[in-house]
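A structural walkthrough
Residues per chain, in single letters:
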Amino acid sequence: MKLQRKNRLRAMSLGAVAVSGALALTACGSDDTSSGSGTNASASTQAGSVKCDDAKGQLQASGSTAQKNAIDAWVKQYTLACKSVQVNYNPTGSGAGITAFLQGQTAFAGSDSPLKPEEVAQSKKVCSGGQAIDLPMVGGPIAVGFNVPGVDSLTLDAPTLAKIFNGKITNWNDAAIKKLNPSAKLPDLKIQAFHRSDESGTTDNFTKYLISQAKADWPYEGGKAWQAKGGQSAQGSSGLAQQVKQTSGAISYFELSYAADGIKTVDLKTAAAEPAKATAENASKAIASAKVAGTGSDLALQLNYNPSEAGAYPLTLVTYEIVCDKGNKADTLPTTKSFLTYIASEDGQKMLADASYAPIPDEIIAKVRTTIAGLS
């Protein structure tokens, strides 16, 4: 009996986690989805803030690796209420996620950068009578992880980071690094700088920071594809984190949640008296000063890479869920709205801090909830 019970518990646990890069969420649904009168008039099942409504079947989504750990946390609660729908989130990277969405392969995409005008125009082919919009859902710091033997604390600024990733600073005992870390015992060790091999919104946001704060040392246009020469590459945020963990002298960039497994992170020098640490709380301080740059129901944000508040961590990103405002497929619309409604809810956003992410500021997430309710 004990063995049977152990096997049942193990099976339940396995059903709630990602398998082979695709996140399988057993999601909402009600066996009775009739719209008749009487006690069955409503097909909504609610547990906490999760409403299953008329969701059914499979829902395909893909994109940002940055939000995968956030979705892992959300699904544990979402699956408690909704049991008859399967939602598969494949963390392929922001660029691949947008491409799949624009080809009509997915119900929504995750991207760490808002849509470009040409992508919005293209989306009108798959959003019948509407277009794709950006819904900010997950915030957080882009941590700069490092592996330097004997160094537990490291401060860098934007110009020095730019020179490191542009191949202009190649050794850890370089004078520029020493100046920022006078008490550190920096070794005579070659710097191993890693960047994303795939198109990535994390790369886009990381380089936007360098362009904004160190343009003279980062003479590139920016974007999802890495543009600087040299360095080494790896697939996805998890790939970069793994390289930092196993490579002496390594440095790279990824969401803070990927540094949870013992990777040390850089403090960033800002205009404030003390360097800013990469924490969800400090990222929230910076994201709170973001402005809505989108028009209509599009809620794309203009991030502030030079916040003035003490402790505000300037290197942040926001992950957007990209969805049609109108013209969503009838068979996936109820499930899309159900899942997005939950992750944008107060309960869904509260879970982010525990997973090393930053909730979207109240004023902005309120607009997101209203927009989701109006999806058609």
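These remarks concern the structure in this document. (Residues numbered from 1 in each chain as written. Predicted model: local features only at pLDDT ≥ 70, side-chain atom pairs only at ≥ 80, totals over all residues. Heavy atoms only, no water.)

1. Points about the pairing of strand S7 (residues 108-111)
- Neither face of S7 is left uncovered, since the one carrying Phe108 and Gly110 and the one carrying Ala109 and Ser111 both have all their residues buried.
- Sheet analysis places strand S5 (residues 57-63) next to S7, joined by three bridges and oriented parallel. Following the sheet pairing, Ala61 is matched in S7 by Phe108.
- Relative to strand S17 (residues 316-324), S7 runs antiparallel, the two being bridged by three bridges. Pairing of Ala109 across the sheet is with Ile322, part of S17. (Buried < 20%, exposed > 50% of the residue type's maximum accessible area, 1.4 Å probe, protein only. Helix = DSSP H or I, 4+ residues; strand = E, 2+ residues; numbered from the N terminus. Pairing = 2+ DSSP bridges.)

2. Some details on the state of the cysteines
- Here the structure, examined in full by the defined rule, presents one disulfide.
- Residue Cys127 pairs covalently with Cys324 via a disulfide, S to S 2.0 Å. Classification of the bridge connecting Cys127 and Cys324 rests on its S-S torsion, roughly -70°, and on that basis the disulfide is left-handed. Here Cys324 lies in strand S17 and Cys127 lies in the loop between helix H4 (117-123) and strand S8 (132-147), a separation of 197 residues in the sequence.
- Residue Cys127 is classed as buried on the basis of its relative accessible area of 0%.
- Under the relative-accessibility criterion, Cys324 is labelled buried at 4%. (Disulfide = S-S within 2.5 Å.)

3. Things to note about the pattern of salt bridges
- Applying the stated criterion to the full structure yields six salt bridges.
- Between Lys277 and Asp267 there is a salt bridge whose closest N-O contact spans 2.9 Å. Here Lys277, found in the loop between strand S14 (267-268) and helix H9 (280-287), pairs with Asp267, found in strand S14; they are 10 residues apart in sequence, far enough to count as distant.
- For Asp267, a relative accessible area of 9% puts it in the buried group. (Salt bridge = Lys/Arg side-chain N within 4 Å of Asp/Glu carboxyl O.)

4. Things to note about the environment of Val292
- Mapped onto the fold, Val292 is located in strand S15 (residues 291-292).
- Given the relative accessible area of 34%, Val292 is considered partly exposed.
- Distance from Val292 to Leu303, taken between C-alpha atoms, is 8.8 Å for residues 11 residues apart in sequence.
- If we skip the residues at most four places from it in the chain, Val292 touches Asp298, Leu299, Ala300, Leu301, Ile364 and Lys367. (Contact = heavy atoms within 4.5 Å.)

5. Points about helix H7 (residues 201-213)
- In this model H7 runs 18 Å from its N-terminal to its C-terminal C-alpha over 13 residues, within 8% of the 18 Å that 1.5 Å per residue would give.
- Among the residues of H7, Gly201, Thr202, Thr203, Asp204, Asn205, Phe206, Thr207, Tyr209 and Leu210 are the ones counted as buried. (Expected span 1.5 Å × (residues − 1).)

6. Structural notes on the pairing of strand S12 (residues 250-255)
- Most of S12 sits out of view: six of its six residues are buried.
- Examined bridge by bridge, S8 and S12 share six bridges and lie antiparallel to one another. Pairing of Gly145 across the sheet is with Ser252, part of S12.

7. Re the packing of helix H5 (residues 158-165) against H7
- Relative orientation of the contacting elements H5 and H7 amounts to 120°, with a least axis distance of 9 Å. Classified by the angle their axes make, H5 and H7 are oblique. The handedness of the crossing between H5 and H7 is left-handed. Residues Ala158, Pro159, Leu161, Ala162 and Phe165 of H5 form the contact with H7, whose participating residues are Phe206, Tyr209, Leu210 and Gln213.
- Grouping the constituent residues of the contact of H5 with H7 by class yields eight nonpolar, one polar and no charged. (Axes fitted to C-alpha atoms, helices over the stretch in contact; angles between N-to-C directions. Parallel < 35°, antiparallel > 145°, perpendicular 65-115°, else oblique. Left-handed = near helix turned anticlockwise from the far one by under 90°. Nonpolar A, V, L, I, M, F, W, Y, C, P; charged D, E, K, R; others polar.)

8. Here we look at the packing of aromatic side chains
- Enumeration according to the criterion identifies nine aromatic pairs in this entry.
- Taking 6.5 Å as the distance between ring centres and 55° as the angle between the ring planes, the aromatic pair formed by Tyr209 and Tyr305 counts as tilted. Linking Tyr209 in helix H7 with Tyr305 in the loop between strand S16 (301-302) and S17, this pair joins segments that are 96 residues apart in sequence. Each member of the pair Tyr209 and Tyr305 is classed as buried.
- Put simply, the rings of Phe165, Phe206, Trp218, Tyr220, Trp226 and Tyr253 touch in pairs and so form one group of aromatic residues. (Phe/Tyr/Trp six-rings, centres within 6.5 Å; stacked < 30°, edge-to-face > 60°.)

9. A look at unusual backbone geometry
- With phi around 70°, Ser356 is a residue other than glycine that occupies positive phi space.
- Turning to its location among the elements, Ser356 is positioned in the loop between helix H11 (346-350) and helix H12 (362-373).

10. A short note on the nonpolar core
- Membership of the largest hydrophobic core comes to 107 residues, with the highest contact counts inside it found for Trp74, Met137, Phe165 and Ile251.
- The element contributing the most residues to this core is S8, with nine residues. (Core = buried A, V, L, I, M, F, W, Y, C linked by side-chain atoms within 4.5 Å.)

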